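Here is how the chains run, residue by residue.
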Amino acid sequence: MHQTFSAALELDLLHANQAGADHNRAHFDRWGVTCFNLMSGPGAGKTALLERTLEVLTPELAIAIIEGDMTTELDADRLRHYGVPVIAINTGRACHLDAQMVAGGIHVLDEQHSPSDLDLVLVENVGNLVCPAEFEVGEHAKIALLSVTEGEDKPLKYPIMFREADCLLITKVDLAPHVDVDLSRIEANVRQINPNIDIFPVSAKTGCGLDDWLSWVKQHIQSSTRR
Amino acid sequence: MHETDMTRALIVTLNDWWEEQPGQPQVSQVHLVVGQFTCVEPASLMFTFTHQTKGTFLEQAELVIRETPLVAFCHGCQAEYRPTIGLQYACPTCQAPMEDIRSGRELKIDHVDYADAAQDITR
């Protein structure tokens, strides 16, 4: 009969993913590229926000997109119209991107593009307010989106996403008057969970609030690649 | 179904440890600490663990989960408090936002129990 031993591992359950994320970030740092991870529930407007962002920023910044989608390339095709490298990653049944999947995207960037000429890589995660929050992919900042149509209580119900995010975009604010939503209530609910988060109400449709978001992007590109 | 992915992450992490061990030990129990302020539901994790470990070195292993509550610390009041997940995260006394989390974010493999044939011989 075998004796039983006990090994104290005290390892993070996501140890392997975290190591992969650190490895990805080391690639970005070596290339002098900033990476943001965009996360939200399905339909909050991540792709629309990226379209507006590319429209304004591509003349001055070199941007690439890593696009996570469970089965299609619909979002990737929308973004290819802007003439930037778009690397589509189909996650299959997985409901989030993980570090290994993004490493695949980084490999394609390295093989087919010149990543050291880039300023910014924007990762569009799979639409999901739960799991992407726990799986780091190597980003320098996490951006969460919440549309006004999703309701004021969502930060309270999905707190991890809003706790982890560095920046929150409250999207589709042009619809706010039609859906009986109180923006200050959303902000207050988020700040209960994460007092230091930057919050910008925006509308990709009308352009309202986008300047503040774009300034945030430019400012954080400088701060994360300053060495 | 993110517990499927969490379980996959768990198996990958345990496999990394297992491959470094001499004599390929037989794992009998895997002890996890799962905080209540994480995206992991212990019951789902138990279910997916049983299914996803079939045919692997963890097939015989039992998963044991200890949950930890969400405990925050209010600097103004110099006191710990228990937020009500889903409803209220600010300090119940002074309404200051939840700044420091003292417990509840754990997603940890605490320890592994195993029978090691190689070590049996030497003892």
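Here the structure is a predicted model, which means the values were calculated and not measured.

Novice: Give me the lowdown on the overall build of chain B, citing residues and values where you can.
Specialist: Looking only at helices and strands, one finds 3 helices and 6 strands in chain B. The linear arrangement of helices and strands in chain B, starting from the amino end, is α-β-α-β-β-β-β-β-α. On C-alpha atoms alone, chain B measures out to a radius of gyration of 19 Å, which is more than a quarter above the 14 Å that the 2.2 N^0.38 rule sets for 123 residues. The dimensions of chain B, computed from C-alpha atoms along their principal axes, are 60 × 35 × 20 Å. When the 123 residues of chain B are sorted by exposure, 46% land in the buried category. Carbon together with sulfur atoms contributes 51% to the accessible area of chain B, which is approximately 6100 Å² in total. Of the charged side chains in chain B, 8 are positive and 17 negative; the average position of the first set lies 4 Å away from that of the second.

Novice: Run through the pattern of salt bridges, naming residues and quoting values.
Specialist: This model, assessed by the stated rule, comprises 16 salt bridges over all chains. Among the ionic pairs, Asp-153 of chain A bridges to Lys-157 of chain A, the shortest N-O distance being 3.6 Å. The salt bridge partner of Lys-108 of chain B is Asp-110 of chain B, with a shortest N-O separation of 3.9 Å. In this structure Lys-108 of chain B comes out as partly exposed when scored by relative accessible area, which is 27%. A single salt-bridge network, built from bridges that share partners, covers Asp-22, Arg-25, Glu-136, Glu-139 and Lys-142 of chain A.

Novice: Explain the sheet that holds strand β2 (residues 34–40) of chain A to me, and be specific about the residues and the numbers.
Specialist: Within a beta sheet, neighbouring strands are joined by backbone hydrogen bonds and run either parallel or antiparallel to one another. Residues and elements named next belong to chain A. An order of β4-β3-β5-β2-β6-β7-β8 is seen for the 7 strands of this open sheet, with the pairing classed as parallel. Every other strand in the sheet has two partners, leaving β4 (86–90) and β8 (198–201) as the edge strands with one partner each. When strand polarity is set aside, the average angle formed by the axes of neighbouring strands in this sheet is 20°. Note: strand β7 (residues 167–171) against β8, 4 bridges, orientation parallel. In the strand pairing of β8, Leu-168 is matched with Ile-199. In the packing of helix α4 (residues 99–112) onto the sheet, the strands contacted are β3 (63–69), β4 and β5 (120–124), and the crossing angle to β4 comes to about 150°.

Novice: Break down the nonpolar core for me, with residues and values.
Specialist: Core analysis: the largest hydrophobic core is formed by 31 residues, its most contacted members being Leu-14, Val-27, Val-30, Leu-32, Leu-58 and Ile-109 of chain B. For this core, the secondary-structure elements that each account for two or more residues are β1 (4–12) of chain A together with α1 (2–20), β1 (26–35), α2 (42–52) and β6 (107–115) of chain B. Considering every element that reaches this core, the biggest residue donor is α1 of chain B, with 7 residues. Excluding its chain neighbours within four sequence positions, the residues that come into contact with Leu-32 of chain B are Leu-13 of chain A together with Leu-10, Leu-45, Leu-63, Val-64, Ile-65, Arg-66, Lys-108, Ile-109 and Asp-110 of chain B. Counting 30 residues, the second-largest nonpolar core is a separate cluster that includes Leu-129, Ala-133, Ile-170 and Ile-197 of chain A.

Novice: A description of the interface of chain A and chain B should follow, citing residues and the corresponding values.
Specialist: Of the residues lining the interface, 35 residues belong to chain A; the matching set on chain B comes to 42 residues. Summed over both sides, the interface between chain A and chain B buries roughly 3400 Å², with carbon and sulfur atoms accounting for 61% of that surface. Ranking the residues of chain A by area buried against chain B places Phe-5, Leu-13 and Gln-192 of chain A at the top, with a combined share of 24%. Linking chain A with chain B are 3 salt bridges. A salt bridge links Glu-134 of chain A to Arg-105 of chain B; the nearest nitrogen and oxygen atoms lie 3.2 Å apart. Our count for the chain A to chain B interface comes out at 20 residue pairs in polar contact (both at pLDDT 80 or more). Among the elements of the structure, β1, α1 (15–31), α6 (159–164) and α7 (183–193) of chain A are those that each provide at least two residues to the side of chain A that touches chain B. For the side of chain A that touches chain B, the leading source of residues is β1 of chain A, giving 9 residues. Considered class by class, the residues forming the side of chain A that touches chain B number 20 nonpolar, 8 polar and 7 charged.

Novice: Please give an account of unusual backbone geometry that cites residues and values.
Specialist: Residues and elements named next belong to chain A. Of note in the backbone geometry, Glu-10 takes a positive phi value of approximately 45° without being a glycine. Of note, Glu-10 is situated in strand β1. The residue Asp-180 is not glycine, and still its phi comes out positive at about 55°. Looking at where Asp-180 falls in the secondary structure, it is placed in the loop between β7 and α7. In this structure Asp-180 comes out as exposed when scored by relative accessible area, which is 74%.

Novice: I'd love a proper account of the sheet that holds β1 of chain A, names of residues and values included.
Specialist: Sheet architecture is open: 4 strands sit in the order β1(A)-β6(B)-β1(B)-β2(B), paired in mixed fashion. Here the strands that pair on one side only, and so sit at the sheet edges, are β1 of chain A together with β2 (62–68) of chain B. Sheet twist, expressed as the average angle between the axes of neighbouring strands with direction ignored, equals 20°. Here β1 of chain B runs beside β2 of chain B; their pairing, made up of 7 bridges, is parallel.

Novice: Could you give an account of the packing of aromatic side chains, naming the residues involved and the relevant values?
Specialist: Tallied over the entire structure, the rule returns 7 aromatic pairs over all chains. Pairing Trp-213 of chain A with Trp-216 of chain A gives two aromatic rings, centres 6.1 Å apart and planes at 15°, and the pair type is stacked. Taken together, the residues span about one helical turn, with Trp-213 of chain A and Trp-216 of chain A both in helix α8 (residues 210–225) at a distance of 3 residues. Of the two residues examined, Trp-213 of chain A and Trp-216 of chain A, each falls in the buried class. With centroids separated by 4.2 Å and ring planes inclined at 20°, the aromatic side chains of Trp-18 of chain B and Phe-57 of chain B adopt a geometry described as stacked.

The rules we used
- Residues numbered from 1 in each chain as written.
- Chains lettered and ligands numbered in written order.
- Predicted model: local features only at pLDDT ≥ 70, side-chain atom pairs only at ≥ 80, totals over all residues.
- Heavy atoms only, no water.
- Helix = DSSP H or I, 4+ residues; strand = E, 2+ residues; numbered from the N terminus.
- Rg over C-alpha atoms; globule rule 2.2 N^0.38 Å.
- Buried < 20%, exposed > 50% of the residue type's maximum accessible area, 1.4 Å probe, protein only.
- Areas by Shrake-Rupley, 256 points an atom, 1.4 Å probe, with all protein chains shown as cover.
- Lys, Arg positive; Asp, Glu negative; His and termini not counted.
- Charge placed at Lys NZ, Arg CZ, Asp CG, Glu CD.
- Salt bridge = Lys/Arg side-chain N within 4 Å of Asp/Glu carboxyl O.
- Pairing = 2+ DSSP bridges.
- Axes fitted to C-alpha atoms, helices over the stretch in contact; angles between N-to-C directions.
- Contact = heavy atoms within 4.5 Å.
- Core = buried A, V, L, I, M, F, W, Y, C linked by side-chain atoms within 4.5 Å.
- Buried area = accessible area lost by both parts, 1.4 Å probe.
- Polar contact = N/O pair within 3.5 Å; in protein donor to acceptor, adjacent residues only side chain to side chain.
- Nonpolar A, V, L, I, M, F, W, Y, C, P; charged D, E, K, R; others polar.
- Phe/Tyr/Trp six-rings, centres within 6.5 Å; stacked < 30°, edge-to-face > 60°.

Read these as layout, nothing more, since geometry by itself doesn't imply function.
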